[in-house]
Amino acid sequence: MDWRKKDYLTREDMEALQQKRLQEVVQRVYHLVPFYKEKFDALGIKPEKIKSLEDLKHLPFTVKQDLRDHYPFGLFAVPLSQIVRIHSSSGTTGKPTVVGYTEHDLQVWTEVMCRSFAMAEVGPGDVVHNAYGYGLFTGGLGFHYGAEAVGAAVVPSSVGFTKRQLMLMKDFEATILCCTPSYALHLAEVAKEEGFDLQKDFRLRAGFFGAEPASEGLRKAVAEAWGIQYFEAYGLSEIIGPGVAASCPEGELHIFEDHFFPEIIHPETGEVLPEGEEGELVFTTLTKQGLPIIRYRTRDIASLYRAPCKCGRTIVRMGQVRGRSDDMLIVSGVNVFPSQVEHVLTQVEGLTPNYVIVVDKRGVLDVLEVWVEVDERVFTGDIGALENLKRKLEEELANALFLRARVKLVEPKTLERSMGKAKRVVDRRELEKNLK
Amino acid sequence: MRAKYAVKQLSIFLENRKGRLKEVTKVLAEAEVNIRALALAESAEFGILRLVVDNPEKARSVLSAAGFTVKEQDVFAVAVPDQPGGFYQVVRILAEDDINIDYTYAFVRGKDQAILIFKVPDELFEKALEAIVKGGLHLVEPIFFYGH
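Residues numbered from 1 in each chain as written. Chains lettered and ligands numbered in written order. Predicted model: local features only at pLDDT ≥ 70, side-chain atom pairs only at ≥ 80, totals over all residues.

> Which parts of the structure should I look at to understand the overall build of chain B?
A tally of regular secondary structure across chain B gives 6 helices and 7 strands. Reading chain B from its N terminus to its C terminus gives the helix and strand order α-β-α-β-β-α-β-α-β-β-α-β-α. Sequence separation of at least 24 residues holds for 68% of the intrachain contacts in chain B that already meet a minimum separation of 6. (Helix = DSSP H or I, 4+ residues; strand = E, 2+ residues; numbered from the N terminus. Contact = placed C-beta atoms within 7 Å.)

As structure tokens, then:
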């Protein structure tokens, strides 16, 4: 089937397709992945019992830790000889999560990226400036191959060197920008400082922004600064990378549900919630061969809507991701777990001081601060020793997180006084405000 | 010599935040602890208040109870004539014996005497005391601080 038609299937046709694919993937994981066979057997579920989409709710969930526990290839459903690409998370504490793609998986990925780019009718004649990171991270290559497949010219600029990026965007007459929303705004601010006229000097008409939560304010600021249409790209590497969902010209985020079947569950009970209700987003991959995943818990809080969209697409829409159901932070597009910070503090001083992670915005960029209590175990009475401790912690955190963190040494009890005892993370960005 | 001349100094960790110094001194005032000498070291974000008081045990316990991080360290005090060259003669003696001074602070006592307080690396403490005595200078016994 032409991929251009898949976004417009009737609900009936879509569900028939999904049901057939679900039956296949359940059979596949049961027979090819010991992890799933054990889980199904323990619950007394035979793959034949899963007949309809309705039956999916009987299947067990998969969580990120399952991928870590089976590092590196334990959940793959094909031998390594059929894998043609491997991506991985940074995995700075414990094991990274590794994802593998067969040739067919890469075709699926390219297809969903084409469907994403189709939201802005990107095609021959467009110049796609791709400032997502190239490498183990799925962002760079995911957008890259999609843009090539729709016939656009791709500039694989990757991250960093902001001034050079601006020069390339101007000189190559980029029409489409792909990067994190905060970086898009940073680019705009640097361009202004450098004396560019954003409307006259650049030819941008649209951008695909993702890999971090973006508030309404940030979206608007990016769109206005560049004078472009803002498209959201939603994805996660465990499911495929970018291309799980993309927003249409109406601003509605459509999930490519013929490949990635979504459910919304209650984050605590695991019960499936009715359409429109907010809960944790869960995906089952319907077509993936290398790493098929059943009911993957994304930890993202969102909701689903199946009524056809004003744009004409019939595929399901998801509401804006309203937060994370666990404690993972996304800071400037980088995943940060409090446990990573704790690990560093323990490594550096051989003890676990009381600490709080504070995420804030400075201008448009995320800033990460780690407040560490100076108690009697750390304090020698020497000011130089404290300055060394601060510097060492900052170095080690940068190494572990791939992100700069500012360490602030504070008096004991400051943390409890100001944020409540058990709280390890204070997110002062707009996302936090939206949640309240 | 250490036992005889070591003066207990309290170092208190303070964030550079409005009112923190007031809090420390309030706790001490309410506990009727008398501050005999003080110095404040600062960096961009935090400071260390160093105190010699008349009752270090009591000061330490009330400050800890109030939630401050307190470290007790040994320093020594030298009495010199309050005149040009007074500080120099002590520093010269220490420098000639290769003793680093971590920091020092001073106050004037009466009409003609100055008291200089020195913090040196712990492993050089004994050596510093010997050098001062050998140089003919007058070490101040801790009772001078504690007795009042």
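> Would you explain the pairing of strand β5 (residues 103-109) of chain B in this entry?
All names here are of chain B. Bridging between β5 and strand β6 (residues 113-119) involves 7 bridges; their strand directions are antiparallel. From the neighbouring strand, Phe107 faces β6, where its bridge partner is Ile115. Between the antiparallel neighbours β5 and β6 lie 3 residues, among them Gly110 with a positive phi of about 60 degrees. (Pairing = 2+ DSSP bridges.)

> Sorry if this is basic, but what is going on with the interface of chain A and chain B here?
Contact with chain A, which involves 16 residues of that partner, is made by 13 residues of chain B. Where the side of chain A that touches chain B is concerned, the elements lending two or more residues are α11 (383-401) and β20 (405-410) of chain A. Class assignment for the residues of the side of chain A that touches chain B results in 7 nonpolar, 3 polar and 6 charged. (Nonpolar A, V, L, I, M, F, W, Y, C, P; charged D, E, K, R; others polar.)

> Mind showing me how you'd approach the sheet that holds strand β4 (residues 153-155) of chain A here?
Consider a sheet: its strands pair through backbone hydrogen bonds, and that pairing is either parallel or antiparallel. All names here are of chain A. Overall, mixed pairing links the 9 strands, which are arranged β4-β3-β5-β6-β7-β8-β9-β14-β13 in an open sheet. Across the chains shown, the open sheet's two edge strands, defined by having one partner strand only, are β4 and β13 (304-305). Alignment of strand β8 (residues 241-247) against strand β9 (residues 253-255), held across 3 bridges, turns out to be antiparallel. Paired with Ala245 across the strands is Ile255, a residue of β9. Helix α4 (residues 103-118) rests against β6 (206-210), β7 (229-236) and β8 of the sheet, and its axis sits at about 30 degrees to β8. (Axes fitted to C-alpha atoms, helices over the stretch in contact; angles between N-to-C directions.)

> Even after reading the chapter, I still don't get the sheet that holds β20 of chain A, so can you show me in this structure?
All names here are of chain A. Pairing is mixed across the open sheet formed by 4 strands, whose spatial order is β20-β19-β18-β21. Each edge of the sheet is formed by a strand with only one pairing partner; in this case those strands are β20 and β21 (425-427). Mean inter-strand twist for the sheet, computed between neighbouring axes without regard to direction, equals 25 degrees. By the bridge criterion, 6 bridges tie strand β19 (residues 365-373) to β20 in an arrangement that is parallel. Note that in β20 the partner of Val370 across the bridge is Val407. Across the face of the sheet, α11 comes into contact with β19 and β20 while running at roughly 145 degrees to β20.

> Even after reading the chapter, I still don't get the packing of helix α6 (residues 162-171) of chain A against helix α7 (residues 181-193) of chain A, so can you show me in this structure?
Relative orientation and spacing of two packed helices are given, respectively, by the angle between their axes and the distance between those axes. Residues and elements named next belong to chain A. Between α6 and α7, the shortest axis-to-axis distance is 10 Å and the interhelical angle comes to 85 degrees. By the angle class used here, α6 and α7 are roughly perpendicular. Contacts between α6 and α7 involve Thr162, Lys163, Gln165 and Leu166 on the former and, on the latter, His186, Leu187, Val190 and Ala191. Its residues placed into classes, the contact of α6 with α7 shows 4 nonpolar, 3 polar and 1 charged. (Parallel < 35°, antiparallel > 145°, perpendicular 65-115°, else oblique.)

> Even after reading the chapter, I still don't get helix α9 (residues 216-226) of chain A, so can you show me in this structure?
Residues separated by three or four positions in an α-helix point in the same direction, a consequence of the helix having 3.6 residues per turn. Residue and element names in this part refer to chain A. Residues Leu218, Arg219, Ala221, Val222 and Trp226 constitute the buried set of α9. Buried residues in α9, looked at end-on, bunch into an arc of 165 degrees, giving them a common side. Opposite the buried face of α9, at more than 90 degrees from it, the exposed residues are Glu216, Gly217, Lys220 and Glu224. Residue Gly227 follows α9 closely and has a positive phi angle near 65 degrees. (Buried ≥ 20, exposed ≤ 12 C-beta atoms within 10 Å, placed from the backbone. Arc of directions from axis to C-beta.)

> I tried to follow the environment of Arg17 of chain B on my own but got confused; where do I start?
Residue and element names in this part refer to chain B. Here Arg17 is to be found in the loop between β1 (7-15) and α2 (20-30). Overall, Arg17 belongs to the partly exposed group, with 14 C-beta atoms counted inside 10 Å. Through-space distance from the C-alpha of Arg17 to that of Phe46 is 8.2 Å; in sequence the pair is 29 residues apart.

> I tried to follow the packing of helix α4 (residues 86-96) of chain B against helix α5 (residues 125-134) of chain B on my own but got confused; where do I start?
Residue and element names in this part refer to chain B. For the pair α4 and α5, interaxial distance at closest approach is 9 Å and the crossing angle is 125 degrees. In terms of axis orientation, α4 runs oblique to α5. The crossing of α4 and α5 is right-handed. Each of Val90, Ile93 and Leu94 in α4 lies in contact with α5, whose residues at this interface are Ala128, Ala131 and Ile132. (Left-handed = near helix turned anticlockwise from the far one by under 90°.)

> Any chance you could explain the confidence of the model for chain A here in plain terms?
The predicted coordinates should not be examined in detail at positions where pLDDT is low. All names here are of chain A. Counting all residues, the mean pLDDT for chain A is 89, and 91% of those residues have values of 70 or more. Scored below 50 in pLDDT, residues 417-422 shows 3 contacts in the model against residues more than four places distant or in partner chains. Low pLDDT, under 50, characterises residues 431-436; the stretch is placed with 8 contacts to residues that sit more than four places away or in other chains. (pLDDT = per-residue confidence, 0-100.)

> How should I be thinking about unusual backbone geometry in this particular structure?
Excluding glycine, most residues fall at negative phi; most peptide bonds, likewise, are trans. All names here are of chain A. With an omega of -5 degrees, the peptide bond running from Tyr71 to Pro72 counts as cis. Despite not being glycine, Ser158 has its phi angle at roughly 55 degrees, a positive value. Mapped onto the elements, Ser158 comes out in the loop between β4 and α6. For Ser158, a count of 18 C-beta atoms within 10 Å gives the class partly exposed.

> Looking at this structure, how should I read helix α1 (residues 11-32) of chain A?
Residues and elements named next belong to chain A. An ideal rise of 1.5 Å per residue puts 32 Å on 22 residues; α1 measures up with 31 Å between its terminal C-alpha atoms. Along α1, the residues that are buried comprise Gln18, Leu22, Val25, Val26, Val29 and Tyr30. Projection of α1 onto a plane perpendicular to its axis shows the buried side chains occupying an angular sector of 120 degrees, all on one side. Exposed residues on α1 whose side chains face more than 90 degrees from its buried face are Lys20 and His31. For α1, the elements touching its buried residues are α2 (34-42), β10 (260-265) and β11 (279-285). (Expected span 1.5 Å × (residues − 1).)

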